[in-house]
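# Residue-level structure breakdown
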Amino acid sequence: MSTRRFAALSRFNIVSLALGLAFLYLPIVILVIYSFNASQLVTVWGGWSLRWYTAFFNDAAMLAAAGMSLRVAATSATLATLLGTLAAMALVRGERFRGRTLFSGMLYAPLVMPEVITGLSLLLLFVALGAERGFWTVTVAHTTLTMCFVAVIVQSRLSGVDRSLEEAAMDLGCNPFRAFVAVTLPLIAPAIAAGWMLAFTLSLDDLVIASFTTGPGAATLPIRIYSEVRLGVKPEINAICALMIGAVTLAIVTASLVTKLSSGRGGNAAPM
Amino acid sequence: MDARSNFTRPARLAAIAPYAWMVLFFLVPFGFVLKLSLSQTTIAQPPYLPILDLGAGWQALADAASMFSLDNFRLLLSDSLYLSAGLRSLTVAAAATAMLLLVGYPIAYAMSRLPHRWQPFAMMLVIVPFWTSFLIRVYAWINILQHDGLLNQILLTLHVVSAPVVWLSTDTAMYIGMVYSYLPFMILPLFATLSKLDDALLEAAADLGSSPLQSFWLVTFPLSLPGIGAGVLLCFIPLVGEFVIPDLLAGSDALMIGQILWLEFFTNRDWPVAAATAVLLLLILLVPLLIYDRFQRRQMVRP
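Residues numbered from 1 in each chain as written. Chains lettered and ligands numbered in written order. Predicted model: local features only at pLDDT ≥ 70, side-chain atom pairs only at ≥ 80, totals over all residues.

Within chain A, the regular secondary structure consists of 12 helices and 0 strands. Listing every helix and strand of chain A by position from the N terminus yields α-α-α-α-α-α-α-α-α-α-α-α. The C-alpha extent of chain A, read off along each of the three principal axes, is 70 × 70 × 35 Å. For chain A, the proportion of its 272 residues judged to be buried stands at 43%. Restricting the contact set of chain A to residue pairs at least 6 apart, pairs at least 24 apart contribute 76%. (Helix = DSSP H or I, 4+ residues; strand = E, 2+ residues; numbered from the N terminus. Buried ≥ 20, exposed ≤ 12 C-beta atoms within 10 Å, placed from the backbone. Contact = placed C-beta atoms within 7 Å.)

Right, let's get into the overall build of chain B. If you tally the helices and strands in chain B, you get 14 helices and 2 strands. Across the 303 residues of chain B, 41% fall into the buried class. In chain B, of all internal contacts separated by at least 6 residues, the share reaching a separation of at least 24 is 72%.

What follows is about the interface of chain A and chain B. Counting residues at the interface gives 70 residues for chain A, matched by 75 residues for chain B. The leading source of residues in the side of chain A that touches chain B is helix α2 (residues 7–35) of chain A, at 15 residues. Its residues placed into classes, the side of chain A that touches chain B shows 53 nonpolar, 11 polar and 6 charged. (Nonpolar A, V, L, I, M, F, W, Y, C, P; charged D, E, K, R; others polar.)

This brings us to the packing of helix α4 (residues 60–93) of chain A against helix α11 (residues 221–229) of chain A. All names here are of chain A. Relative to each other, α4 and α11 sit at 140°, their axes nearing to 7 Å. Classified by the angle between their axes, α4 and α11 sit oblique to one another. Across the interface between the two elements, A61, M62, A65, A66 and S69 of α4 pack against L221, I223 and R224 of α11. Looking at side-chain class alone, the contact of α4 with α11 contains 6 nonpolar, 1 polar and 1 charged residues. (Axes fitted to C-alpha atoms, helices over the stretch in contact; angles between N-to-C directions. Parallel < 35°, antiparallel > 145°, perpendicular 65-115°, else oblique.)

In this section: the environment of L90(B). Summarising the element assignment, L90(B) is placed in helix α4 (residues 80–113). C-alpha of L90(B) to C-alpha of L239(B): the two residues are 149 residues apart in sequence and 8.6 Å apart in space.

This part takes up the domain arrangement of chain A. Residue and element names in this part refer to chain A. With domains assigned, chain A is organised as domain 1 (9–49) and domain 2 (60–263). Of note, the centres of domain 1 and domain 2, computed from C-alpha atoms alone, are 30 Å apart. Taken together, the contact between domain 1 and domain 2 spans 7 residues of the former and 7 residues of the latter. Each residue belonging to the side of domain 1 that touches domain 2 can be placed in one class, and the counts come to 5 nonpolar, 2 polar and no charged. (Domains from an automatic or database assignment.)

Residues and elements named next belong to chain A. Two elements in contact, α4 and helix α9 (residues 176–205), have axes whose closest approach is 8 Å; the angle formed by their N-to-C orientations is 140°. What the angle tells us is that α4 and α9 run oblique. Classified by chirality, the crossing of α9 by α4 is right-handed. Facing S69, V72, A73, A74, S76, A77, A80, T81, G84 and T85 of α4, the residues of α9 in contact are I192, G195, W196, A199, F200, S203 and L204. Of the residues in the contact of α4 with α9, the class split is 10 nonpolar, 7 polar and no charged. (Left-handed = near helix turned anticlockwise from the far one by under 90°.)

It is worth spelling out the nonpolar core at this point. Counting residues in hydrophobic clusters, the biggest one holds 166 residues, and the most contacted among them are L120(A), A151(A), V138(B) and W141(B). Ranked by the residues each element gives to this core, the list is headed by α4(A), at 17 residues. Formed jointly, this core draws a minimum of three residues from each of two domains, domain 1 (9–49) and domain 2 (60–263) of chain A. Aside from chain neighbours lying at most four places away, what touches V138(B) is G177(B), S181(B), V244(B), I245(B), L248(B) and L249(B). (Core = buried A, V, L, I, M, F, W, Y, C linked by C-beta atoms within 7 Å.)

Turning our attention to the confidence of the model for chain B. Looking at chain B, the pLDDT average stands at 84 and 87% of residues meet or exceed 70. Interface scoring of the predicted complex returns ipTM 0.83; its pTM is 0.85. (pLDDT = per-residue confidence, 0-100.)

This paragraph deals with the environment of L280(B). All names here are of chain B. When you line up the elements, L280 lands in helix α14 (residues 271–301). By the C-beta count within 10 Å, which is 20 here, L280 ends up buried. It is 27 Å that separates the C-alpha atoms of L280 and V138, two residues lying 142 residues apart in sequence. Non-local contacts of L280, meaning those with residues more than four positions away in its chain, are made with L76 and G86.

A word on unusual backbone geometry. Trans is the prevailing form of peptide bonds, just as negative phi is the prevailing case for residues other than glycine. Residues and elements named next belong to chain B. At S169, a position not held by glycine, the phi torsion is positive, near 60°. When you line up the elements, S169 lands in the loop between α7 (150–157) and α8 (171–194). Overall, S169 belongs to the partly exposed group, with 16 C-beta atoms counted inside 10 Å. Not every positive phi belongs to a glycine, and R269 is a case in point at roughly 50°.

Let us now look at the environment of F265(B). Along the chain, F265(B) turns up in helix α13 (residues 257–267). Residues F265(B) and A275(B), 10 residues apart in the sequence, show an inter-C-alpha distance of 8.5 Å. In contact with F265(B), other than residues within four places in its own chain, are L120(A), W271(B) and A274(B).

A few words on the confidence of the model for chain A. Residues and elements named next belong to chain A. Averaged over chain A, the pLDDT score is 84; the fraction of residues at 70 or greater is 90%. When pLDDT is averaged over each element of chain A, helix α10 (residues 208–213) comes out on top at 94 and helix α1 (residues 2–5) at the bottom at 43. Note that pLDDT drops below 50 for residues 1–8; the model gives that stretch 6 contacts with residues more than four away or on any other chain. Contacts for the low-pLDDT stretch residues 265–272, under 50 throughout, to residues beyond four places or in other chains number 0 contacts.

Shown next as structure tokens:
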């Protein structure tokens, strides 16, 4: 009976869900379709073609920027995952320690801090330290931002893990470190993997912080794309964007398959 | 007590590295921003004075410290360019956040009404665009909104308009870009609270004679206020300092404070004024940031 009462609302629900998803996906789909456009004019359809992809793979400056971005993203995501996981452990398991409020404040603030402020303040630090700006300064800057995201993701998973499992391992003779590695780490591994991926894509996306912290001759892909986009729409940019979207989609599908597989294994192991 | 210390001690050890990292790369840099905002511009490398040299002795430090002044802030507060940029940032962010709420709420609500086994899938559909680049998403709209872009072509074909409409470099384009880019940040916290809502409450309201609309206003909406609060703050705070969206989609006649900071830094190379702008932006955002922090802590206390 209650379902009938809410039936009128559910039509409204279907419409808003459909419109919402269309709004979220149509611009991206259009962008990808136009990246295969043979025409030089972005807006005139000239048939399917891969010419803009070839153009990208022959553009040495763009390729160099893409390589720089990938190296920064891989390095900073790995550092951020290490630091973020440690931070999550400290937040979940260290009930009280001196400076905990400051610690959690420092971890949450960058999540909403405007990027222009984070970028400017890090640049000033690097200038004061006399650090040469380039790969490492951007990597450190991205690590600072993305470790906060990793910490939040791992924290939510870790707080759901039952501590008695680890206690049991310790009662059976494991030291705390071994107990953590053997029991808890496998349980929070999906969150750590998700955190790494989020850190990787955030680093790959970032324009503002990278612009502040990089030096001459070390442009990342978003910096190159931004300077091209300011001059107008170019089919080659569509191709690069489509490649990035494809890579992200592939990564997400892989990740969700991995999580499904690992949780399936966990389900089988449980009755034992 | 003993069992607990088995967890507390490793946790304290775990805190050391990330704690040191955040102090060095998040907290200390703010000190530099503050110091620079009190400095003077000069044509040199780095382009500001004074430069504190800890090795030069107390006298030199004291001399350098006497060069600090509030001139940059005086400039910011007296020049109408900066004031109107600050005001525009706040109004644009507030308007965009209101639009996000209007667009995001029905979507989050519909998601929460889906059968339970569909909900994770719907949530993933909302998150996926968030994983694709911010810049790409803004760029996608430039494709659509430009002079001979898809939107104008459709409108012309349908004879809705007789000549191409100027979309790019307008506030309309900027708001579309903002709503588009921040929508997941609004939907996810709303969905998180709405999906936890107990259906029995709605059934009880219906049994007591409420129409669906009445039970929405009297039950669902008040109970979703925490989600609304989180979503509004998650969108509003970064929107105030937003740079990419207004820079690429809005016109250049009215600037937001993030754009001012960027211009002062990269175009005028006036680092002290850029730093003073950052300090002011931070002060403006401190109020919502503190609210957000309180909110986070309340979330953590409640399991």
